[in-house]
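This is what each chain is made of:
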Amino acid sequence: MPAFKTLDDLTDIAGKRVLVRVDLNVPVTDGKVSDTTRIERVAPTILELSEKGAKVILLAHFGRPKGEAVADQSLSLIAPAVEEVLDQRVAFAADCIGAPAADAIAKMNDGDILLLENTRFHKGEEKNDATFTADLAKNGDIYVNDAFSAAHRAHASTEGLAHILPAYAGRTMQAELEALEKGLGKPTHPVVAIVGGAKVSTKIDLLSNLVTRVDALVIGGGMANTFLAAQGIDVGKSLCEHDLADTARAILETAKTAGCAIVLPVDGVVAREFKAHAANETVDVTAIPADAMMLDVGPKSIELINGWIEKAATLVWNGPLGAFEIAPFDTATVSAAQHAAAQTRAGKLVSVAGGGDTVSALNHAGIADDFSYVSTAGGAFLEWMEGKELPGVAVLTKG
Ligand code: AMP
């Protein structure tokens, strides 16, 4: 990955207007922010710039208002939570361009923080429209992108602005890019990937990319059933995409050519109902009863997976190994997560995880803080695992 500029390269910014793209797309329940993780992640960048005397102007999207002003997707709803996390006053402007933004910025003192209204209230945001981007750029002297999670989109505030203003990665973006570089960019081998979750169909590109880049790929979760079935194993009533048998076989073939070991479950925990504490039994994958479904990988498979974690110098993880939301089908996910965490604590493993349910699965295992890096980005993390260029990152590294 080419070098990118960070806040370390930003000197003499007192009095400068710094437009900071952050991710404030937080969950809201009954009008209140129910999880402030994303705000906490961007706080260091905002506070550092403020302490250095910059006028910190925050740009963000919230929800999918599709180019219209929608009251319940106003960032004014998020502003109090931002203030609380930062423990600083945060002013709010009712538009991200035009007079409301300009007037609010004119009132700012050095070190002040201002949140501009949802960028997606304008159609130009998602279109990366030149006029809209230029209107945004009028509000700043410098652009800092701290929203890795939105970097897979080439939108005005995530990509366009970097072509107009001097562009820098914020601290969270920097940490994310550095962690990802250690995970798949220039990793220490052996590299082991664990991919689980429900379906192969949502992760074909990801699996196809990983088999060419890692030394071993552990496949768990519902998607393992598709691979087992593609090899002629009867998976009973398990979640399985039989129509993807050819795709699964092609991925196995690519892995063979690339010298990537594929680790599939050898046993599983099966049940007749998809619910917590459903009656269950452990069987070899070749003996799944016709009326049962595999909801977790079994103890022999856990031992196998933990063995691969021990061999690994680098681990990249997306997706749970079983239906982790319903006990006891969380057993394999929790065991492997705890094993990876212990290896990481012992300094033997670089562990990078992210995407969708992975964060909640690792939180459920109680060890998310022990991984080297857990990305809160969903789509952007998956596109990175797919080996795709992220426009919001590319523009920071090429310019
Ligand atoms: P994903 O969003 O693709 O990572 O899928 C996560 C979902 O896969 C979770 O909600 C799990 O409950 C589900 N899952 C994992 N393993 C299984 C399985 N063996 N059968 C059914 N669902 C599963």
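Residues numbered from 1 in each chain as written. Predicted model: local features only at pLDDT ≥ 70, side-chain atom pairs only at ≥ 80, totals over all residues. Heavy atoms only, no water.

Examining the site of the ligand
Moving on, step 1. Around the ligand, the structure places 15 residues, and the nearest of them are A198, K203, M294, G322 and E325.
Moving on, step 2. Here G322 contributes a backbone N or O atom positioned 3.5 Å from a nitrogen atom of the ligand.
Moving on, step 3. The contact in question runs from a nitrogen atom of the ligand to an N or O atom on the backbone of A323, over 3.5 Å.
Moving on, step 4. The class makeup of the residues in the shell around the ligand is seven nonpolar, five polar and three charged. (Near = heavy atom within 4 Å. Polar contact = N/O pair within 3.5 Å; in protein donor to acceptor, adjacent residues only side chain to side chain. Nonpolar A, V, L, I, M, F, W, Y, C, P; charged D, E, K, R; others polar.)

Notes on the pairing of strand β1 (residues 17-21)
Moving on, step 1. Among the five residues that make up β1, four are buried, leaving the element largely enclosed by the rest of the structure.
Moving on, step 2. In terms of strand pairing, β1 meets strand β4 (residues 55-59) through five bridges, oriented parallel. Following the sheet pairing, R17 is matched in β4 by K55.
Moving on, step 3. When β1 meets strand β7 (residues 142-145), the two strands line up parallel, connected through four bridges. Considered in β7, the bridge of V20 is made with V144. (Buried < 20%, exposed > 50% of the residue type's maximum accessible area, 1.4 Å probe, protein only. Helix = DSSP H or I, 4+ residues; strand = E, 2+ residues; numbered from the N terminus. Pairing = 2+ DSSP bridges.)

Some details on the pattern of salt bridges
Moving on, step 1. Tallying each qualifying case throughout the model produces 18 salt bridges.
Moving on, step 2. E126 serves as the salt-bridge partner of R120, at 3.9 Å between the closest nitrogen and oxygen.
Moving on, step 3. The exposure class of R120 is buried, given its relative accessible area of 7%.
Moving on, step 4. When the shortest N-O distance is used, the salt bridge between D291 and R272 registers 3.2 Å. Of the two residues, D291 is situated in the loop between β13 (280-284) and β14 (293-297) and R272 in the loop between β12 (267-271) and β13; the sequence distance between them amounts to 19 residues.
Moving on, step 5. Classification of D291 by relative accessible area gives partly exposed; the value is 41%.
Moving on, step 6. With a relative accessible area of 41%, R272 lands in the partly exposed category.
Moving on, step 7. The structure contains a network of salt bridges with shared partners spanning D8, E48, K52 and R171. (Salt bridge = Lys/Arg side-chain N within 4 Å of Asp/Glu carboxyl O.)

Structural notes on the pairing of strand β6 (residues 113-116)
Moving on, step 1. The side-chain alternation of β6 yields two buried faces, one formed by I113 and L115 and the other by L114 and L116.
Moving on, step 2. In this sheet, β6 lies alongside β4 in parallel orientation, the contact comprising three bridges. Opposite L58, over in β6, you have L115 as the bridge partner.
Moving on, step 3. Assessed by its sense of winding, the connection that carries the chain from strand β5 (residues 90-93) through helix α3 (residues 98-106) to β6 is right-handed. (Right-handed = clockwise from strand over helix to strand, strands pointing away.)

Considering helix α11 (residues 299-311)
Moving on, step 1. The first and last C-alpha atoms of α11 sit 19 Å apart over 13 residues, in line with the 18 Å expected at 1.5 Å per residue.
Moving on, step 2. Taken together, the buried positions of α11 are occupied by S301, I302, I305, N306 and I309. What you see down the axis of α11 is that its buried residues fit within an arc of 135°, all on one side. Facing away from the buried side of α11, by more than 90 degrees, are the exposed residues E303 and K311. (Expected span 1.5 Å × (residues − 1). Arc of directions from axis to C-beta.)

With respect to the environment of N318
Moving on, step 1. Among the secondary structure elements, N318 is positioned in strand β15 (residues 314-318).
Moving on, step 2. Given the relative accessible area of 2%, N318 is considered buried.
Moving on, step 3. Between the C-alpha atom of N318 and that of L19, which follows or precedes it by 299 residues, the distance is 32 Å.
Moving on, step 4. In this view, N318 contacts I194, V195, G196, K203, L206, G354, G355, T358, L382 and M385; residues no more than four positions away in its chain are not counted.
Moving on, step 5. Side-chain polar atoms of N318 contact the backbone oxygen of G355, separated by 3.3 Å. (Contact = heavy atoms within 4.5 Å.)

Some points on the sheet that holds β13
Note on sheets: strands pair through backbone hydrogen bonds, and any given pair is parallel or antiparallel.
Moving on, step 1. Pairing within the open sheet is antiparallel, and its three strands lie in the order β13-β12-β14. The sheet is open, and its two edges are formed by β13 and β14, each paired on a single side. Geometrically, the sheet is characterised by an average inter-axis angle of 40° between neighbouring strands, direction not taken into account.
Moving on, step 2. Summarising the sheet, β12 and β13 pair through five bridges and their orientation is antiparallel. (Axes fitted to C-alpha atoms, helices over the stretch in contact; angles between N-to-C directions.)

Brief notes about the domain arrangement of the protein
Moving on, step 1. The domains assigned to the protein are domain 1 (7-173) and domain 2 (187-385).
Moving on, step 2. Summarising the inter-unit geometry, the C-alpha centres of domain 1 and domain 2 are found 36 Å apart.
Moving on, step 3. With seven residues of domain 1 at the interface, the matching set in domain 2 holds ten residues.
Moving on, step 4. At the boundary of domain 1 with domain 2, total buried surface from both sides reaches about 670 Å², with 55% on carbon and sulfur atoms. (Domains from an automatic or database assignment. Buried area = accessible area lost by both parts, 1.4 Å probe.)

Observations regarding unusual backbone geometry
Moving on, step 1. Residue P190 is bonded to the preceding H189 through a cis peptide linkage, with omega at 0°.
Moving on, step 2. For the peptide bond that leads from A327 to P328, omega is 0°, which places it in the cis range.
Moving on, step 3. With respect to the helices, strands and loops of the structure, P328 is situated in the loop between β15 and α12 (331-345).

Brief notes about the environment of R41
Moving on, step 1. With respect to the helices, strands and loops of the structure, R41 is situated in helix α1 (residues 37-51).
Moving on, step 2. Between the C-alpha atom of R41 and that of R171, which follows or precedes it by 130 residues, the distance is 8.8 Å.
Moving on, step 3. Excluding its chain neighbours within four sequence positions, the residues that come into contact with R41 are D146, T172, Y373, V374 and T376.

Here we look at the packing of aromatic side chains
Moving on, step 1. Summed over the entire model, instances satisfying the criterion amount to two aromatic pairs.
Moving on, step 2. Note on W317 and F371: the rings are 6.3 Å apart at their centroids and 50° apart in plane angle, and the pair reads as tilted. In this pair, W317 is assigned in strand β15 and F371 in the loop between α13 (358-365) and β17 (373-375), connecting sequence segments 54 residues apart. With respect to burial, W317 and F371 carry one shared label: buried.
Moving on, step 3. When the ring of F381 is compared with that of W384, the centres are 5.3 Å apart and the planes differ by 50°; the resulting orientation is tilted. (Phe/Tyr/Trp six-rings, centres within 6.5 Å; stacked < 30°, edge-to-face > 60°.)

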